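Given next are the chains, with one letter for each unit.
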There are 4 protein chains.
Amino acid sequence: MSADQEGKPVRIGMVGGGPGAFIGAVHRMAMALDGRYQLIAGAFSSSPEKSQEAGRELGLDPARVYDSWQQMLEGEAALPEDQRIEAVSIVTPNHVHHGPSVAALNAGFHVICDKPLTISSALAEEIASAAKSSGRLFALTHNYTGYPMIREARELVQSGGIGRVLKVYAEYLQGWLVDPIEESGQKQADWRTDPSRSGPGGALGDIGTHAFQLLEHVSGEQVTRLFGHRSSFVPTRKVDDDAMVLLEMSGGATGTLTASQVCAGRENGLRLRIYGTEGGVEWEQENPNDLRVLKKDGAFEVRRPGNAYVGASAASLTRLPGGHPEGYLEGFANIYTAFAREIRGEQNLEHPYPTVEEGQRGVAFIEAVIASSEQNQWVQL
Amino acid sequence: MSADQEGKPVRIGMVGGGPGAFIGAVHRMAMALDGRYQLIAGAFSSSPEKSQEAGRELGLDPARVYDSWQQMLEGEAALPEDQRIEAVSIVTPNHVHHGPSVAALNAGFHVICDKPLTISSALAEEIASAAKSSGRLFALTHNYTGYPMIREARELVQSGGIGRVLKVYAEYLQGWLVDPIEESGQKQADWRTDPSRSGPGGALGDIGTHAFQLLEHVSGEQVTRLFGHRSSFVPTRKVDDDAMVLLEMSGGATGTLTASQVCAGRENGLRLRIYGTEGGVEWEQENPNDLRVLKKDGAFEVRRPGNAYVGASAASLTRLPGGHPEGYLEGFANIYTAFAREIRGEQNLEHPYPTVEEGQRGVAFIEAVIASSEQNQWVQL
Amino acid sequence: MSADQEGKPVRIGMVGGGPGAFIGAVHRMAMALDGRYQLIAGAFSSSPEKSQEAGRELGLDPARVYDSWQQMLEGEAALPEDQRIEAVSIVTPNHVHHGPSVAALNAGFHVICDKPLTISSALAEEIASAAKSSGRLFALTHNYTGYPMIREARELVQSGGIGRVLKVYAEYLQGWLVDPIEESGQKQADWRTDPSRSGPGGALGDIGTHAFQLLEHVSGEQVTRLFGHRSSFVPTRKVDDDAMVLLEMSGGATGTLTASQVCAGRENGLRLRIYGTEGGVEWEQENPNDLRVLKKDGAFEVRRPGNAYVGASAASLTRLPGGHPEGYLEGFANIYTAFAREIRGEQNLEHPYPTVEEGQRGVAFIEAVIASSEQNQWVQL
Amino acid sequence: MSADQEGKPVRIGMVGGGPGAFIGAVHRMAMALDGRYQLIAGAFSSSPEKSQEAGRELGLDPARVYDSWQQMLEGEAALPEDQRIEAVSIVTPNHVHHGPSVAALNAGFHVICDKPLTISSALAEEIASAAKSSGRLFALTHNYTGYPMIREARELVQSGGIGRVLKVYAEYLQGWLVDPIEESGQKQADWRTDPSRSGPGGALGDIGTHAFQLLEHVSGEQVTRLFGHRSSFVPTRKVDDDAMVLLEMSGGATGTLTASQVCAGRENGLRLRIYGTEGGVEWEQENPNDLRVLKKDGAFEVRRPGNAYVGASAASLTRLPGGHPEGYLEGFANIYTAFAREIRGEQNLEHPYPTVEEGQRGVAFIEAVIASSEQNQWVQL
């Protein structure tokens, strides 16, 4: 970093996130919240018209709105160093993570990419190689790790606060795919249920990987062996809309991971519970500011962000005093802001954002559950 | 029933429940609450002294306090019909359910017995046969079905209120066995971790069967196939203290059942969640008066007992107006009172109390999970 | 107590509680739960026929079922000492608390009476005098003090666990009287809204006194001054159905007490919150097993009954292990059982049950709120 | 608005919000989230050095960072119309709301100002006059009205969804001022407890006005009469740190409003409950995405944002699908974004943001509570 960039917003370009997209808008709000980014370029859609339309709405210079991500990378690379983008945000469907990631890294741009990393372990390995060889930074937006109480749980568990981990329960229950809404063209459902775009996992990739990543992130352990079962409750659906997995962890714990998108009435029920020899932690995404800390021999307590008693990791991700709820966007912004700080070379957290390695684990997890489910046997991970 | 017995308390004798027992006292409070029983005899302990001690504390006639259940059955049978006990309550460890059950039934007594029914399918079949051949009534105290909101859930689910059932999640998490407290002689832990008394299942039999029975009771479906995994997290423990099971249901649903007694800090976390094509139900034993009813297209509602809007089944099990919490003992008493009403020939609920057949299902479930866990494959149930 | 009575159930007679009564049945279940009472006499209704009907349903000897409480007291007193009742339970409307209380005490019976104590301070004083001069025991069923977590809160607050008390908030919100259901003869509403039977306070007496008693019980302080406001939202109603009170406490705290029976949709919303210089306690009757303990500088904790960490007072009122919810009837039974233990001369709690003096405070509170409300000024209490 | 400004971010300058300020940073994040503002000028502190320091950190052109708000207004007015700021955000202590508000309005700038409006009714009237005469827009950041579920409650209540309103309970409990932290220079406590800067109300102005505004906003009724009581629990404190108020509403309802900053352990406990003849609504700021809707004759339901069933008003303030929690900053941003949309002349909500008239009501409320508290009598409002 040249000294004159210190503290300056990171110039960034976006791939995907055009009209009708959900997650692109989320990424833009996450960039905006802390003022650490300047979105100045984009290839927002595979349709050049829609890309331009998005650019106009965002107030971008039309010259910086491109017809494709390839053109964006080329065009930006041709600009003077102090004008061109420094980083690329990739918010396309899963099958278009690999291409722009590798190309952007190789072109010298940092990359922040939506999850899951990509649609196969082979492609994941290529992204990881590119990240390594390019020397550029790569972040994966497993945004739930941006919640302060997830960091508090992580800090507590990994410092031995609940003893040796014995049991883990990760679940992610949604209901929005209980009907075949992809058949009537609902955009979010459409690509998520098309294996050529979502990859081989449906619910497994879309939400199961979040639960998996969160579990390993908080416990500090790895899933070593699993037994899986997948279903498509909507008969015409080409990917799973439900998965259940029995787990064994590297430290000897066992547990379950369930992901379902057919639990009618459930909104976004990501929940993590970990129990050890001395106590436990319990957390729910829909009420993210309460962390229950259970104790073997005492009353359970509820830790909440913004209070003086929380640990350094959680405190670093909190903007407001206690009782002022921060939510999904703030957690997402925490990932983006940490990434910007790393780009600017600032002192940062011990684990500022999810990495390409965590993305590889996620892809391997999808493949392992599929394999186990097909073979009806336990598989290593 | 002779006409002069109408409305009179049922004369009952107890097997087990002597000094230091937990569940025996619970059964006695459950009998007492609604005034439908008169406890007038007992063989409270395998130690005659302790049996007499318990009888004294309960104010029983010493002549009706026996040294063994065999003596009690014999002694009572010898009394005039209007003086002898009419029913036997069996609250011994699991391995002493079969003997007194079969003998009492054959001696013409009704039997109400603690769960699980017994320690093997063969013995379970003998109890079922005795119940059938004797023409006496047999109830199993799967007490959680006595909660009004469980009945409300059952009525809702079985009348199609959540559509076709797709997903089921039953869990029962406790933490009290995370340490080897059986080694220091804790009475409750002692027999529950001794396979000669608890039977082959530890956590599986003690709490897993509750979760299993509740799941089938509410869903109205049967578990048809399962894949299980058992653990003993305390190395010296001779029975499982943790079990995880993947399930397939008779109506096509899938789900998980988890039972653990090593989740430190968890008290008595029995939870049931069932989701269908139109909505779902969610219930937690530690907060038993709230039944969450989820709707595919609307806000979820919380139904509570004692209100005019609840169904007939729940209403019949509620003593108090809305907002006056009834709990574990009231639910337990509901089973006992329903049993007394059946004995007295009164009009009763469509499903007043858990039956011997449900007990057989529970034993079969234990055996199936053990088989699956050993064979590492799916098994039929 | 003669030695041969040790541990024997207390022989008790009931005044009121005939067909259709709500609270009479509650008192009987509260007596039954712990087996410390034998209900053997009663004057259950002002209608002799209904009294006999109730007696029959309860299986009483018809000779012990009386046409009036006067006859019951006379008839029982004439029986041999070891056969006659020892105590009287009074569950009549408020205007029939004073008569039987004074007469029963003077006739040598212990008395346990429903709240509020009576309908005027003058009558309350007469009951207190009779209790004193007779040497008999008198308990008032402010049943909410029977909840273990209320005792835990009391023990914590009075031992300085939250520092000096600064703020108190007591509220009791119900909705069942939002419509003039007394006009269609609803029995519970009928007498409660008739000042000749309920006394001058409507909601104030029926539920406001519970909130008031609980507040003084837990805080260990007295309300010294208050400013009140009463309303009758149903225009034809002759008593208040809503009251709001500003409070000053003997230790310098201030707060509010609100009682309403026109909060449509509210079931039985009794809630107590007390904050001091170091922390606070928060409790809700509809979820009575959770006591929130707030801390000035730490995470709040939730204490629950049946766990080893709770104090002696709460522990003495708990029958079951943690996670087995006890509710309204168990709390009510705790009052009855404590009363029986006192009658039997057993070692007991430091404050086993609400006393006649607390009843006098309650009546004085009603009168003070009425006076303040009429005069529009602060009044002493 | 000239056509070329359509959709362009609003150019804004800030008064206050320099180093160490809390609420200034909140306003900036609220501006940033939806990309509707460009912060390009500021007089961030009464210290020119600190003002420049803040400007540097925010990446502002040093020429647009001013030594005082007077200089900012003058300097900006002198710039070409398409460069100068269009609006001023005022985030100073209460006593510096009036000066810059009036001056900015008169200079032709729109104003968005923190609450309470100012420190006396006379000054409030001057701001209202300036707003009217200038033709500029004025918004007051009673940010809690930006929560979608508050709008849902408002829409429901005002459309008759709970019948005629009978009871209102507004409370705002915090604990952070239980100790005299102003004496050790805590910046937030310092000015809030200094009547020359906070105005005559302490807790009353700081948080009581939020509760008051929210109550009138949701109920659609006005407080017409009140009886107040104020305290300073910290003896050396020059303003109230606690207030309790009995209320009468324009539609005949009664209720209470309590505001306290000495409830140790309470974070930011703003709660609103309103009950009518047919049901009620209950909402808590610390869990802002749950709106309880009570029904006289049915189970209560919980409405949550992002679902298809919520009303238009709430839907317009929600960025994410159900189950993705939005919090304090999103609610705050909703106020800012609505203000920007009004400035740009876009179609907007029926009540996009709190107005100067609501600010006047708040100041009048403070004064009425003080008057009532001093006179010990009910006062009109």
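Since the structure is predicted, the reported quantities are computational estimates derived from the model, not experimental observations.

Draft legend 1. Quick peek at the overall build of chain A. A count of helices and strands for chain A gives 12 helices and 14 strands. Scaling as 2.2 N^0.38, a compact globule of 381 residues should have a C-alpha radius of gyration of about 21 Å, and chain A matches this with 20 Å. Summarising its shape, the C-alpha atoms of chain A cover approximately 65 × 50 × 40 Å along the three principal directions. Within chain A, the proportion of its 381 residues that are buried is 62%. Taking the intrachain contacts of chain A between residues at least 6 apart in sequence as the baseline, contacts between residues at least 24 apart amount to 69%.

Draft legend 2. Representation of the relation of the copies chain B and chain A. Once chain B is rotated about the relating axis by 180° and shifted along it by 0.0 Å, it coincides with chain A to within an RMSD of 0.0 Å. Read as a symmetry element, the transformation amounts to a two-fold axis. Rotation axis and chain B: the residue whose C-alpha lies nearest the axis is Gln377 of chain B, separated from it by 3.6 Å. Both copies present the same face, since 100% of the interface residues in chain B are matched by interface residues at the equivalent positions in chain A.

Draft legend 3. Layout of helix H5 (residues 121–134) of chain A. Residue and element names in this part refer to chain A. Taking 1.5 Å of rise per residue, 14 residues should cover 20 Å, and H5 covers 20 Å from first to last C-alpha, within 8% of that figure. Among the residues of H5, Ala124, Ile127, Ala128, Ala130 and Ala131 are the ones counted as buried. Buried positions in H5, seen along its axis, are confined to an arc of 160° and lie on one side of it. Residues of H5 that are exposed and point more than 90 degrees away from the buried face comprise Ala122, Lys132 and Ser133. On its buried face, H5 sits against helix H4 (98–106), strand E5 (138–140) and helix H12 (356–375).

Draft legend 4. Geometry of the domain arrangement of chain A. All names here are of chain A. According to the domain assignment, chain A contains domain 1 (3–140) and domain 2 (148–319 + 352–375). The gap between the C-alpha centroids of domain 1 and domain 2 is 27 Å. Each partner contributes to the interface: domain 1 provides 19 residues, whereas domain 2 provides 24 residues. Of all elements in the fold, only H5 and E5 reach the threshold of two or more residues within the side of domain 1 that touches domain 2. When residues in the side of domain 1 that touches domain 2 are grouped by element, the largest group, 5 residues, is from H5. Residue composition of the side of domain 1 that touches domain 2, by class: 12 nonpolar, 6 polar and 1 charged.

Draft legend 5. Here's a closer look at the interface of chain B and chain A. Listed as interface residues are 33 residues of chain B and, on the opposing side, 33 residues of chain A. Of all the secondary-structure elements, those providing two or more residues to the side of chain B that touches chain A are strand E6 (165–173), strand E7 (223–231), strand E8 (242–249), strand E9 (254–260), strand E10 (269–276), strand E11 (279–284) and strand E12 (291–295) of chain B. Among the elements that take part in the side of chain B that touches chain A, E9 of chain B stands out by supplying 4 residues, more than any other. Of the residues belonging to the side of chain B that touches chain A, the class tally is 13 nonpolar, 14 polar and 6 charged.

Draft legend 6. Summary view of the sheet that holds strand E2 (residues 37–43) of chain A. All names here are of chain A. The parallel open sheet is built from 5 strands, whose spatial order is E2-E1-E3-E4-E5. Of all strands in the sheet, those with a lone pairing partner are E2 and E5, marking the two edges. Taken pair by pair, the neighbouring strands of this sheet meet at an average axis angle of 20°, ignoring direction. The sheet contact formed by strand E3 (residues 87–90) and strand E4 (residues 110–113) spans 4 bridges and is parallel. Bridging across to E4, Ala87 finds its partner in His110. Where helix H3 (residues 69–77) meets the sheet, it contacts strand E1 (10–15) and E2, and its direction lies at approximately 125° from that of E2.

Draft legend 7. Spotlight on the interface of chain D and chain B. Tallying the contact residues gives 9 residues for chain D and 9 residues for chain B. Looking at the side of chain D that touches chain B residue by residue, the classes come out as 5 nonpolar, 1 polar and 3 charged. Strand direction decides the pairing type here: strand E13 (residues 298–303) of chain B and strand E13 (residues 298–303) of chain D, joined by 3 bridges, are antiparallel. Paired with Phe300 of chain B across the bridge in E13 of chain D is Val302 of chain D.

Draft legend 8. Highlighting helix H9 (residues 203–219) of chain A. Compared with the 24 Å implied by 1.5 Å per residue over 17 residues, the 23 Å span of H9 of chain A between its first and last C-alpha is a close match. In H9 of chain A, a bend of some 35° at Thr209 of chain A exceeds every other bend along the element.

Draft legend 9. Spatial organisation of the relation of the copies chain D and chain B. Mapping chain D onto chain B calls for a screw motion: a turn of 180° about the axis and a shift of 0.0 Å along it, with 0.0 Å RMSD after fitting. When the interface residues of chain D are mapped onto chain B, 100% of them again lie at the interface, so the same face is used by both copies.

Draft legend 10. Layout of the sheet that holds strand E5 (residues 138–140) of chain D. Residue and element names in this part refer to chain D. Read from one edge of the open sheet, 5 strands run E2-E1-E3-E4-E5, paired in parallel fashion. Edge positions in the sheet fall to strand E2 (37–43) and E5, since each has one partner strand and no second. Averaged over all neighbouring strand pairs, the angle between strand axes comes to 20°, with direction disregarded.

Draft legend 11. Just the pairing of strand E1 (residues 10–15) of chain C, in detail. Residues and elements named next belong to chain C. The element E1 is extensively covered by neighbouring structure, given that 6 of its 6 residues are classed as buried. A two-sided burial pattern is seen for E1, the buried positions comprising Val10, Ile12 and Met14 on one face and Arg11, Gly13 and Val15 on the other. Pairing between E1 and strand E2 (residues 37–43): 6 bridges, direction parallel. Its bridge partner being in E2, Met14 is matched across the sheet by Gly42.

Draft legend 12. Highlighting the environment of His324 of chain C. In this structure, His324 of chain C sits in the loop between helix H10 (312–315) and helix H11 (328–343). With 18 residues separating them along the chain, His324 of chain C and Gly306 of chain C place their C-alpha atoms 8.1 Å apart. Excluding anything up to four places from it in sequence, His324 of chain C contacts Asn268 and Tyr328 of chain B together with Gly306 of chain C.

Draft legend 13. The pairing of E9 of chain B, seen in detail. All names here are of chain B. Judged by how many residues are buried, E9 sits mostly within the fold: 7 of 7 residues are covered. In E9, alternate side chains face the same way, and those of Thr254, Thr256, Thr258 and Ser260 on one face and Gly255, Leu257 and Ala259 on the other are all buried. Both E6 and E9 contribute to a ladder of 7 bridges, which runs parallel. From the neighbouring strand, Leu173 faces E9, where its bridge partner is Ser260. Where E8 lies against E9, 7 bridges are found, and the strand directions are antiparallel. Across the sheet, residue Asp242 finds its bridge partner in E9, namely Ser260.

Draft legend 14. Spotlight on the confidence of the model for chain A. Taken as a whole, chain A shows an average pLDDT of 95; of its residues, 97% reach a score of 70 or greater. Listed scores for the predicted complex are pTM 0.97 and ipTM 0.96.

Draft legend 15. Just unusual backbone geometry, in detail. Residue and element names in this part refer to chain A. With an omega of -10°, the peptide bond between Lys115 and Pro116 qualifies as cis. Positionally, Pro116 belongs in the loop between E4 and H5. We note that Asn376 has phi near 55°; this positive angle belongs to a residue other than glycine. Its place among the elements puts Asn376 in the loop between H12 and strand E14 (379–380).

Draft legend 16. Local environment of the packing of helix H1 (residues 23–33) of chain B against helix H11 (residues 328–343) of chain B. Residue and element names in this part refer to chain B. Between H1 and H11, whose axes approach to 8 Å, the crossing angle comes to 70°. Taken as axis vectors, H1 and H11 run roughly perpendicular relative to one another. On H11, the residues touching Val26, Met29, Ala30, Met31 and Leu33 of H1 are Leu329, Glu330, Phe332, Ala333 and Tyr336. Here the contact of H1 with H11 is composed, by residue class, of 9 nonpolar, no polar and 1 charged.

Draft legend 17. Region of interest: the environment of Glu76 of chain D. Residues and elements named next belong to chain D. Note that Glu76 resides in helix H3 (residues 69–77). Glu76 gets classed as buried once you count the C-beta atoms within 10 Å, which come to 23. For Glu76 and Phe212, which are 136 residues apart along the polypeptide, the C-alpha to C-alpha distance reads 36 Å. Ignoring anything within four residues of it in the chain, the contact list for Glu76 reads Gly13, Ala41, Arg84 and Ile85.

Draft legend 18. How the structure looks around the packing of helix H1 (residues 23–33) of chain A against helix H1 (residues 23–33) of chain D. Across the interface, H1 of chain A lies against H1 of chain D with an axial gap of 8 Å and an inter-helix angle of 150°. In terms of axis orientation, H1 of chain A runs roughly antiparallel to H1 of chain D. Crossing hand, H1 of chain A versus H1 of chain D: right-handed. Residues Met29, Ala32 and Leu33 of chain A of H1 of chain A pack against Met29, Ala32 and Leu33 of chain D of H1 of chain D. Taken together, the residues that form the contact of H1 of chain A with H1 of chain D break down as 6 nonpolar, no polar and no charged.

Calculation notes
- Residues numbered from 1 in each chain as written.
- Chains lettered and ligands numbered in written order.
- Predicted model: local features only at pLDDT ≥ 70, side-chain atom pairs only at ≥ 80, totals over all residues.
- Helix = DSSP H or I, 4+ residues; strand = E, 2+ residues; numbered from the N terminus.
- Rg over C-alpha atoms; globule rule 2.2 N^0.38 Å.
- Buried ≥ 20, exposed ≤ 12 C-beta atoms within 10 Å, placed from the backbone.
- Contact = placed C-beta atoms within 7 Å.
- Least-squares fit on C-alpha atoms with pLDDT ≥ 70 in both.
- Expected span 1.5 Å × (residues − 1).
- Arc of directions from axis to C-beta.
- Domains from an automatic or database assignment.
- Nonpolar A, V, L, I, M, F, W, Y, C, P; charged D, E, K, R; others polar.
- Pairing = 2+ DSSP bridges.
- Axes fitted to C-alpha atoms, helices over the stretch in contact; angles between N-to-C directions.
- Bend = angle between axes of the 7 residues up to and from the residue.
- pLDDT = per-residue confidence, 0-100.
- Parallel < 35°, antiparallel > 145°, perpendicular 65-115°, else oblique.
- Left-handed = near helix turned anticlockwise from the far one by under 90°.

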